[in-house]
Amino acid sequence: MAKAECTPKWNTLALRNRKTCPTPEKSFQTTFTPVSKDKNSQTAGHLAGGDTQSSNGPSGQFLARESIESPSKVLLMLVAGLSFSTRLYMITEPPHVCWDETHFGKMGSYYINRTFFFDVHPPLGKMLIGLAGYMSGYDGTFPFIKPGDKYENQNYWGMRGFCATLGSFLPIFAYLIVLELSNSCTAAIIAATLLIFDTGCITISQYILLDPILMFFIMAAVLSMVKFNQQRYRSFSASWWLWLVLTGINLAGALGVKFVGLFVIILVGLNTIWDLWRLLGDMSLSLVDIAKHFLARAFALILLPVILYVTIFAVHFVVLNKSGPGDGFFSSAFQSRLIGNNLHNASMPEYLAFGSTVTIKNLRIAGGYLHSHWHLYPEGVGARQQQVTAYLHKDYNNLWVVHRQQDNNSQSGNPDLVRHGDIVRLEHKETTRNLHSHLHEAPLTKKHFQVTGYGINGTGDANDLWQVEVCGGRKGDPVKVLRSKVRFLHRATGCVLYSSGKTLPKWGWEQIEVTCSPYLKETPSSQWNIEDHINPKLPNISLSVLKPNFLEILLESHIVMFRGNSGLKPKDNEMNSKPWHWPINYQGLRFSGVNATEYRVYLLGNPVVWWINLASLGLYLTMVAVASIATQRGFSLEHSLVLVRGGGLLMLGWLLHYAPFFTMGRILYFHHYFPAMLFSSMLTGTKLYILIGLQPSHLALRKNFYLFHPLSYGMTGPLAHEPGSAMADLKWMDSWEF
């Protein structure tokens, strides 16, 4: 069997039309290709080489594919064997909760138990983890309280094994993607080897995490896209449709696991726009043909992913139908659909009226219920009056009675409804003190005013009066239980009742600060809704008629997830990093253990892999510049189309999965870089093939994998900076803490 490609000669220049690869098996190479000015002869959308055929015409690549088919199958089996063996090795170690397994393992348990919870990510990854646990015999009873908790007799291996299996496909996908883009088994095996022997990729694949699931769908989407690009000469054939539809399915999967799946959607979108632009310039196609191409892509890459993404949430809502720890993050109307919640199948008056006893819930994430208790603010914290807070749990001290500005105790019959613009007094049911504000500064949010409980048995002063405002309403509109968003404007100061989200000190029982904000912009922190509503003088209705429909709960879920994502804060003693740290492998992440007596696992990339990747990113730009200048002068460098087109796609993928993190205000961690690292490794494989071939990097990778493998598979004994440590010589950077 002939070799799959010619010997790489990056520095060899040749005149146009000169050929150095005479054998038919090598005819697919882009070596010394003439520079053409005919736009139809250059298939700009073709990412793998110089196919000059029409979109509906034959391809000259069949001979090339036959020549690499047998060796590529053998190498693919080798890649698969190494990948699965390195990921599944010691999959049950350590037998305790590691890092974020405490979150995603627990969420898998919630799916098995059908208990509703809140997470900042879409549900697909957690659903698959739960399914894997259920199928492997896990019963969903392990609490996943904190890292280090022993699994004892729990069947946790199924969830770990599922994540490791998906992680094992990443080198396989990398091999197939680079093979498609370069038609080179050598380039493909280099890319796969970089990932197989990367300690970071192994570690992040071996635990109950979303990352291997996310990266599986990202790589599957890219592979489907490049496979589809190769089918352009077989438009609307079965294989053409197969890869197009698979691209859309995997896009939905990526976004269904984490919102960063949007980055691969953008990558596929840009590729599709470029492909359609190329088709528009193909004069062999009629406008009807172009319209068919457009509609096919719109269906498979837009409509189908949207349908699948929405279906993921439909399944999520159906499965999680029991009240759980996620209830309080969502609106009262949302909670009314959950079995076991006090609002489920409850009945109460539909519209708020004077004389009603109510609970009032803030609409920000974890905003809490308006709450008071007998305790006073301490000396030196505003006026020494009764505390008013927001409490995250249902409690008798959340009850308030709605009164008129001046009660008319002789009123009989049905009470008047509370409407937009009405003035009310809110009396705390347990302590009989009125909701009150004044010009004293708030305990924590110093630019806001303090809110207290004042007076007794209905007596107070003008600072107890609040004007009801229905958001989006007009004067006279009633306040609907569960559904209306309400603000309370303080009549004396003009401020608005507000939940700051800040936790009060011990004297405030670590409840949430409630203030009166002088800033009147409508925000969830200043919006409230009536949840519980008791008024024996009004007829009750079943809350089932007030339940939100599917589109409403879908929209609310996304609003809550976006707010939660932007508000993520680092945990105590947890490492976080900056995006510029990631490509240089500056700092790892502890998955397990912190001292010499514990079983330690440390997420850190293989330094050789990561630093070669870093160098290749800069080198790529230089190589493209040289190739562009040579082409402009009438020459063509060997492999230039592979470099510019295939390499350009991978470079764009790296940028899309890395650059956006510089703009994010949320807390960031080292593991966020791994999707981008996949693209940089594939790009490195392509360039190393062009420059030096396989052997030098292959030997270095195996050696460094052997040296650093304890980071992935576990280590005990002294830390690297302590005397007698076996890892001391591997602490190449002071910021590495293993």
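Residues numbered from 1 in each chain as written. Predicted model: local features only at pLDDT ≥ 70, side-chain atom pairs only at ≥ 80, totals over all residues. Heavy atoms only, no water.

A.B. asks: How should the overall build of the chain be read in this particular structure?
C.D. replies: A tally of helices and strands in the chain yields 16 helices and 16 strands. Burial status across the chain gives 57% buried among its 738 residues. Pairs at least 24 residues apart make up 75% of the contacts formed inside the chain by residues separated by at least 6 positions. As presented, the chain carries roughly 30500 Å² of accessible surface, and 61% of it is formed by carbon and sulfur atoms. (Helix = DSSP H or I, 4+ residues; strand = E, 2+ residues; numbered from the N terminus. Buried < 20%, exposed > 50% of the residue type's maximum accessible area, 1.4 Å probe, protein only. Contact = heavy atoms within 4.5 Å. Areas by Shrake-Rupley, 256 points an atom, 1.4 Å probe, with all protein chains shown as cover.)

A.B. asks: How do you make sense of the environment of Trp 610 when you look at a structure like this?
C.D. replies: Within the secondary structure layout, Trp 610 lies in helix α13 (residues 607–632). Remark: the alpha-carbon pair of Trp 610 and Trp 582, spanning 28 residues in sequence, is separated by 9.2 Å. Discounting residues that sit within four places of it in the chain, Trp 610 has contacts with Asp 198, Trp 582, Pro 583, Asn 585, Gly 605, Phe 670, Tyr 673, Phe 674 and Met 677.

A.B. asks: Could you clarify how one ought to interpret the environment of Thr 165 in this entry?
C.D. replies: Of note, Thr 165 is situated in helix α4 (residues 157–182). Considered as a pair, Thr 165 and Ser 205 are 40 residues apart in the sequence and their alpha carbons are 8.0 Å apart. Discounting residues that sit within four places of it in the chain, Thr 165 has contacts with Phe 84 and Leu 88.

A.B. asks: Just to check I follow, could you spell out a nonpolar patch on the surface for this structure?
C.D. replies: On the surface, a nonpolar cluster with roughly 430 Å² of combined accessible area is contributed by Phe 236, Trp 241, Phe 299, Leu 303 and Ile 307. At three residues, the largest contribution of residues to the nonpolar patch is made by helix α10 (residues 287–319). Assignment of secondary structure puts Trp 241 in helix α8 (residues 238–257). We classify Trp 241 as partly exposed; its relative accessible area is 31%. (Patch = residues over 30% accessible without salt bridge, like charges linked within 9 Å, V, L, I, M, F, W, Y side chains within 5 Å. Salt bridge = Lys/Arg side-chain N within 4 Å of Asp/Glu carboxyl O.)

A.B. asks: Help me understand the UniProt feature "transmembrane region" (unreviewed entry) in the chain in this model?
C.D. replies: Under the UniProt annotation, the feature "transmembrane region" (unreviewed entry) is placed at residues 172–197, 209–228, 240–273, 294–319, 608–630, 642–661 and 673–694. Strand forms 0% of residues 209–228 and helix 90%; the C-alpha atoms that close the span are 30 Å apart. End-to-end, the C-alpha atoms of residues 294–319 are 36 Å apart, and along that stretch the chain is 100% helix and 0% strand. (UniProt positions renumbered as here; feature names shortened; annotations may be inferred.)

A.B. asks: Before we go on, may I ask you to explain the pattern of salt bridges in this structure?
C.D. replies: Counted according to the given criterion, the structure contains 17 salt bridges. Between Asp 275 and Arg 278 there is a salt bridge, with the nearest N and O atoms lying 3.0 Å from each other. Linking Asp 275 with Arg 278, this pair stays in helix α9 (residues 262–280), spanning three residues, or about one helical turn. Judged by relative accessible area, Asp 275 falls into the buried class, the value being 3%. A single salt-bridge network, built from bridges that share partners, covers Arg 232, Asp 275, Arg 278 and Arg 297.

A.B. asks: Looking at this model, I keep getting lost on the side chain of Ser 577. Mind explaining?
C.D. replies: Mapped onto the elements, Ser 577 comes out in the loop between α12 (550–566) and β15 (589–592). Side-chain polar atoms of Ser 577 contact the side chain of Trp 582, separated by 2.7 Å. Here the side chain of Ser 577 touches Phe 670 through a polar contact of 3.4 Å, landing on its backbone nitrogen. Apart from the residues lying within four places of it in its own chain, the contact partners of Ser 577 are Trp 582, Gln 587, Leu 668, Tyr 669 and Phe 670. (Polar contact = N/O pair within 3.5 Å; in protein donor to acceptor, adjacent residues only side chain to side chain.)

A.B. asks: Can you walk me through the confidence of the model for the chain in this structure?
C.D. replies: Of all residues in the chain, 86% attain a pLDDT of 70 or more, and the chain-wide mean is 85. Below a pLDDT of 50 lies the segment residues 1–64, which in the model reaches 146 contacts outside its immediate sequence neighbourhood of four places, other chains included. (pLDDT = per-residue confidence, 0-100.)

A.B. asks: When you look at the packing of aromatic side chains in this model, what are you seeing that I'm missing?
C.D. replies: The geometry of an aromatic ring pair is captured by two quantities: the separation of the ring centres and the angle between the planes. As enumerated under the stated definition, the model contains 48 aromatic pairs in all. Between Trp 582 and Tyr 673, the ring centres sit 6.3 Å apart and the planes meet at 45°, which makes this aromatic pair tilted. One end of the pair, Trp 582, is in the loop between α12 and β15; the other, Tyr 673, is in the loop between α14 (640–658) and α15 (674–691), and 91 residues separate them in sequence. Judged by relative accessible area, which is 0%, Trp 582 ranks as buried. Ring plane angle 35° and centroid distance 6.3 Å describe the contact between Trp 732 and Trp 736, whose orientation is recorded as tilted. (Phe/Tyr/Trp six-rings, centres within 6.5 Å; stacked < 30°, edge-to-face > 60°.)

A.B. asks: What is the right way to look at the pairing of strand β10 (residues 486–490) in this model?
C.D. replies: On a regular strand, one side chain projects to one face of the sheet and the next to the other, so that they alternate. Most of β10 sits out of view: five of its five residues are buried. The alternating pattern of β10 places Val 486, Phe 488 and His 490 and Arg 487 and Leu 489 on opposite faces, both of which are buried. Strand direction decides the pairing type here: strand β9 (residues 465–470) and β10, joined by five bridges, are antiparallel. In the sheet register, Glu 469 faces β10, and the bridge partner there is Arg 487. (Pairing = 2+ DSSP bridges.)

A.B. asks: Explain the nonpolar core to me, please; I cannot follow it from the model alone.
C.D. replies: Note that soluble globular proteins tend to have their nonpolar side chains buried in a common cluster. Counting residues in each nonpolar core, the largest one holds 130 residues, and the members touching the most others are Tyr 175 and Met 682. With 14 residues, helix α7 (residues 211–229) is the largest single contributor of residues to this core. Core analysis: the second largest hydrophobic core is formed by 36 residues, Ala 390, Val 481, Phe 488 and Cys 516 among them. (Core = buried A, V, L, I, M, F, W, Y, C linked by side-chain atoms within 4.5 Å.)

A.B. asks: I'm lost on α7 in this one. Help?
C.D. replies: Each α-helix winds once per 3.6 residues, and so residues spaced three or four apart point in a common direction. Over its 19 residues, α7 extends 27 Å from the first C-alpha to the last, a length consistent with the 27 Å expected when each residue adds 1.5 Å. With respect to burial, α7 is a largely interior element, 18 of its 19 residues being buried. (Expected span 1.5 Å × (residues − 1).)

A.B. asks: Would you explain the environment of Thr 663 in this entry?
C.D. replies: For Thr 663, the position within the fold is in the loop between α14 and α15. C-alpha separation for the pair Thr 663 and Pro 579, spaced 84 residues apart in sequence, amounts to 9.9 Å. Within the local environment of Thr 663, its side chain forms a polar contact with the backbone oxygen of Pro 660, the two atoms lying 2.7 Å apart.

A.B. asks: Would you mind going over helix α2 (residues 101–113) with me for this structure?
C.D. replies: End to end, α2 covers 17 Å across 13 residues, agreeing with the expected 18 Å (1.5 Å per residue, within 8%). Looking at α2, one finds that the buried residues are Glu 101, Thr 102, Phe 104, Gly 105, Met 107, Gly 108, Ser 109, Tyr 110 and Tyr 111. Close packing links the buried residues of α2 with α3 (124–135), α4 and α10. Just downstream of α2 lies Arg 114, where phi reads positive at about 65°.

A.B. asks: Teacher, can you tell me more about the packing of α4 against α7 here?
C.D. replies: A pair of packed helices is characterised by two quantities: the angle between their axes and the separation of those axes. One can describe the packing of α4 onto α7 by two numbers: an axis separation of 8 Å at closest approach and a directional angle of 25°. In this view, α4 runs roughly parallel relative to α7, as classed from their interaxial angle. Crossing of α4 over α7 shows left-handed handedness. Residue-level inspection shows Phe 162, Cys 163, Leu 166, Gly 167, Phe 169, Leu 170, Phe 173, Ala 174, Leu 176, Ile 177, Glu 180 and Leu 181 of α4 in contact with α7, the latter providing Pro 212, Ile 213, Met 215, Phe 216, Met 219, Ala 220, Val 222, Leu 223, Val 226 and Lys 227. Its residues placed into classes, the contact of α4 with α7 shows 19 nonpolar, one polar and two charged. (Axes fitted to C-alpha atoms, helices over the stretch in contact; angles between N-to-C directions. Parallel < 35°, antiparallel > 145°, perpendicular 65-115°, else oblique. Left-handed = near helix turned anticlockwise from the far one by under 90°. Nonpolar A, V, L, I, M, F, W, Y, C, P; charged D, E, K, R; others polar.)

A.B. asks: I tried to follow unusual backbone geometry on my own but got confused; where do I start?
C.D. replies: Trans is the common state for peptide bonds, and a negative phi is the common state for residues other than glycine. The omega angle of the peptide bond from Glu 93 to Pro 94 is -10°, so this bond is cis rather than trans. A positive phi angle, near 45°, is found at Trp 99, a position not held by glycine. For Trp 99, the position within the fold is in the loop between α1 (62–88) and α2. By relative accessible area, which is 8% here, Trp 99 ends up buried.

A.B. asks: Help me out: how do you make sense of the side chain of Ser 83 in this one?
C.D. replies: As for its placement among the helices and strands, Ser 83 is situated in helix α1. Assessed through its relative accessible area of 0%, Ser 83 is described here as buried. When near neighbours in sequence (up to four residues on either side) are disregarded, Ser 83 contacts Ser 168, Pro 171 and Ile 196.

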